[in-house]
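# Understanding the architecture of this molecule
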Amino acid sequence: MEAAGTGTRTAARRQERRLQAPATLEKQRDRRPRGRLARRRIEEDQEEAVFREVVSFTPDPLPVRYYEKDTTRPISFYLSSLEELLAWTPDAEDGFNVALGPPECRQPPLSSRRPRTLMCHDMMGGYLDDKFIQGSATQTPYSFYHWQYIDIFVYFSHHTVTIPPVGWTNAAHRHGVCVLGTFITEWKDGERLCEAFLAGDERSYRAVADQLVLIAQFFRFDGWLINIENSLSLAAVGNVPHFLRYLTSQLHQQVPGGLVLWYDSVVSSGQLRWQDELNEQNRVFFDACDGFFTNYNWREEHLERMLGQAGERLADVYVGVDVFARGNVVGGRFDTNKSLELIRKHGFSAALFAPGWVYECLEKGDFFQNQDKFWSLLERYLPTHSICSLPFVTSFCLGMGTRRVCYGQEEAVGPWYHPSAQEIQPLFGEHRLEGDGRGWVKTHCCLEDAWNGGSSLLIRGLIPPEVGTVAVRLFSLQVPVPPKIFLSLVYKLEGPSAVGVALELSTADAGSCHVGGISALSAETSSRRSPRPLRVPPTKLAKWVGRCGQQLSGGWVQRCYEVNLRGCLLQDLFINFSRPPGSQKEENFICRLGELQVVDAHSLLTPLPQVQAVTVSHVRWQPAASEREGGPAGLQLSCTLHWAYLLPRVRCFRIHCCQGSEGGSPGSGPSELGRPRLLGLAFVNRYRIVDLAVAAAEPGQDGRVEFLVEPVPKEGFLVPRAEWGRAAMLYSMPRT
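Below, the structure is looked at part by part. Quick caveat, the model's predicted, so the values are computed rather than measured. (Residues numbered from 1 in each chain as written. Predicted model: local features only at pLDDT ≥ 70, side-chain atom pairs only at ≥ 80, totals over all residues. Heavy atoms only, no water.)

## Quick look at the environment of Thr-89
Relative to the helices and strands, Thr-89 is located in the loop between α3 (82–87) and β3 (106–107). Taking the C-alpha atoms as reference, Thr-89 lies 8.7 Å from Leu-214; in sequence the two are 125 residues apart. (Helix = DSSP H or I, 4+ residues; strand = E, 2+ residues; numbered from the N terminus.)

## Some details on the nonpolar core
Ranked by size, the top nonpolar core spans 155 residues in total, and within it Phe-183, Phe-243 and Phe-577 carry the most contacts. Within the second largest apolar cluster, 39 residues are counted, among which are Phe-51, Leu-100, Trp-643 and Val-705. (Core = buried A, V, L, I, M, F, W, Y, C linked by side-chain atoms within 4.5 Å. Buried < 20%, exposed > 50% of the residue type's maximum accessible area, 1.4 Å probe, protein only.)

## Describing the pairing of strand β28 (residues 587–600)
Among the 14 residues in β28, 11 count as buried, and that is most of the element. Pairing of strand β14 (residues 392–394) with β28, which is carried by three bridges, proceeds in the antiparallel orientation. Bridging from a neighbouring strand, Thr-394 pairs with Leu-596 of β28. Relative to β28, strand β19 (residues 456–463) is paired through seven bridges, and the arrangement is antiparallel. By the bridge assignment for β28, Ile-459 is matched with Cys-591. In the sheet, strand β21 (residues 484–494) pairs with β28 via 10 bridges, with the strands oriented antiparallel. Looking across to β28, one finds that Val-490 is bridged to Glu-595. (Pairing = 2+ DSSP bridges.)

## Section: the packing of helix α6 (residues 202–219) against helix α7 (residues 234–254)
Between α6 and α7, whose axes approach to 9 Å, the crossing angle comes to 30°. Overall, the two elements α6 and α7 adopt an arrangement that is roughly parallel. Between α6 and α7 lies a crossing whose hand is right-handed. Contacts from Tyr-205, Arg-206, Val-208, Ala-209, Asp-210, Leu-212, Val-213, Ala-216 and Gln-217 of α6 reach α7 at Asn-239, His-242, Phe-243, Tyr-246, Leu-247, Gln-250, Leu-251 and Gln-254. (Axes fitted to C-alpha atoms, helices over the stretch in contact; angles between N-to-C directions. Parallel < 35°, antiparallel > 145°, perpendicular 65-115°, else oblique. Left-handed = near helix turned anticlockwise from the far one by under 90°. Contact = heavy atoms within 4.5 Å.)

## A closer look at empty space enclosed by the protein
Under the definition given, this model contains seven cavities of 30 Å³ or more. Approximately 80 Å³ is the volume found for the largest cavity. For the largest cavity, the lining is made up of 13 residues, of which Phe-96, Ile-133, Ala-682, Phe-683 and Val-684 are closest to its centre. For the lining of the largest cavity, the secondary-structure elements that each account for two or more residues are α4 (166–174) and β32 (677–682). Grouping the constituent residues of the lining of the largest cavity by class yields eight nonpolar, four polar and one charged. The calculated volume of the second largest cavity comes to roughly 70 Å³. Forming the boundary of the second largest cavity are Tyr-142, Ser-143, Phe-144, Trp-147, Gly-167, Trp-168, Ala-171, Leu-398, Gly-399, Tyr-417, Pro-419 and Gln-422. In terms of residue count, the dominant contributor to the lining of the second largest cavity is α4 (three residues). For the lining of the second largest cavity, the residue count by class is eight nonpolar, four polar and no charged. (1 Å grid on protein atoms, 1.4 Å probe; cavity = no way out; pocket = protein on both sides within 12 Å on 5 of 7 lines; lining within 4 Å. Points joined across faces, edges and corners; volume = space filled by probe spheres on them. Nonpolar A, V, L, I, M, F, W, Y, C, P; charged D, E, K, R; others polar.)

## Looking at the pattern of salt bridges
Under the counting rule described, the total for this entry stands at 33 salt bridges. Between Arg-438 and Glu-586 there is a salt bridge; the shortest N-O distance is 3.2 Å. Here Arg-438 is found in the loop between β17 (429–432) and β18 (440–446), whereas its partner Glu-586 is found in the loop between β27 (569–578) and β28, with 148 residues between them in sequence. With a relative accessible area of 34%, Glu-586 lands in the partly exposed category. Taken together, the shared-partner salt bridges connect Arg-113, Arg-116, Arg-313 and Asp-316 into one network. (Salt bridge = Lys/Arg side-chain N within 4 Å of Asp/Glu carboxyl O.)

Quick look at the structure:
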């Protein structure tokens, strides 16, 4: 990023050579992705890097595969041909689309023999608002949040190589769910493509498999659904099992827990003939990979026949269910439970195709109610899985909202949608007391208020006169507990209710589990515990718990707990509601949960890494819209930030900016910068700033923009500003 004129660029280079940066910073810069870096000045008396830029409106387009053409917003992408697949190599621009990490540890593991649930997401061709890696301002997006019911998420489209948008991968992995892309061939073009890589020798199909493995490994998703929906020659179909076996073995080596699934389409003769079952005509493909996804027009007799074909691999047969109920199918739509009942009766896994039906075909205004209804009807057939690692932190954010909130403080107003920002979601539904069923608790998501993010968890319930408490299980965990854990609950009661709100936990194998510092709920031996609140948190936890037990802004209350355990397995998290002292009447309540945290106390004592080596590249200037229309002078700035930080330690990064100006006299320094303004969230060590409005620099002065990179630790507390990364840009108008 240099000035507009050739002569000016040459002078700028001569001047930059006189600015000596420390060798360590130069090495950091050498590792940056390709692209023009703003001219850099390292000053001895400040920690931030300063970049100097002369404004130029000369176009410098970015690759359209990775960026939206008009705005330069980073986008997720697909590959449309065999040539594109074989030509793909990891590029610096691909970095935006890399997931934050692998799936969280879960129990039971995906490799267990328990029947699984696969969700195949197919919506209007794919790559809709979910393609915008840094989010969008969509008002009524599709959002999936019943993650504890599913084990595998497939992103499906009709492009040859469907790479899952990173927002889906991040959200799924946070819940311990693995993510598959799709490799699909169709029609006559598909026949030609398959002939090109399957009809020859092993080098051709191995080259394709190697690329598919490399893509999954680089972008950090977990494997592939292989969908060959066209006829194959005898030579080509003969090589399919070899292709599948090689792809599966290579993926297992490079991607821990990786999966390759085959869709029921082609048979061993090469004909395109959907079987709606696993049988002798397609068994050869099942034997060569991790699983088989059946077509949808099955009947119970198909399931009965498959028992013998699958043998001990019942869980590796995913019986397809078209939620749209197209064709001659069992169930579908709000009768999908009929399909699941038969599938589970025979011990198979289920593959739910396009459950986004509730969004596509029903009223958008009723989406949350319809989605909750759909999954509640399936609940009895969907075994849940448990998260088995700490820290466990969630603000219940759906990755969308009508405003942005940070710890009770409103930061921005307006619709937003960012799937990567979705936090761990609880078990949703209605829970009734045993007996006459008068007591009940119901949980559902709510966009009307939030503590951190864009939404919260709303809990409604009734305590009947004959009982003292009702409780709801929110999360299933399988976590070996360290000697000391800290818990935090942020909540508020809506309306006049005075019910008591408490956090409860259950531990497995209570006989060998030693508990100290908490009280049991009853005199009988029980593994369900109610921890005592911390009135004054330990000093070293001040940043984490700051205002425990106090009334916070917006009516929120934060309760903090300390639990000492030895030899225990943390199993479940409950919220308990108790009637007010002296009350004998029926108690209705509405409670909003804003955040829940379970943290290993030791992890709060480890030092925080600092964001380092912030750089600025790929700068684009445009006149502000008002100037183009004859209004006041202004500019729009787009640029890419990069920085260094250990990603396993972070939930996300919050990107801010401050603006000001620099005086023209030597040594005058920067003027007072404005208050930091949130620009967005990042889930990798980079962020694309798009069309940031800045004032045009006055003659003889530099404009100044400071960028701040705030890490958000997995433990979920605010990091002191001294630990943030910083970079400043000084910009001036070209001399006329």
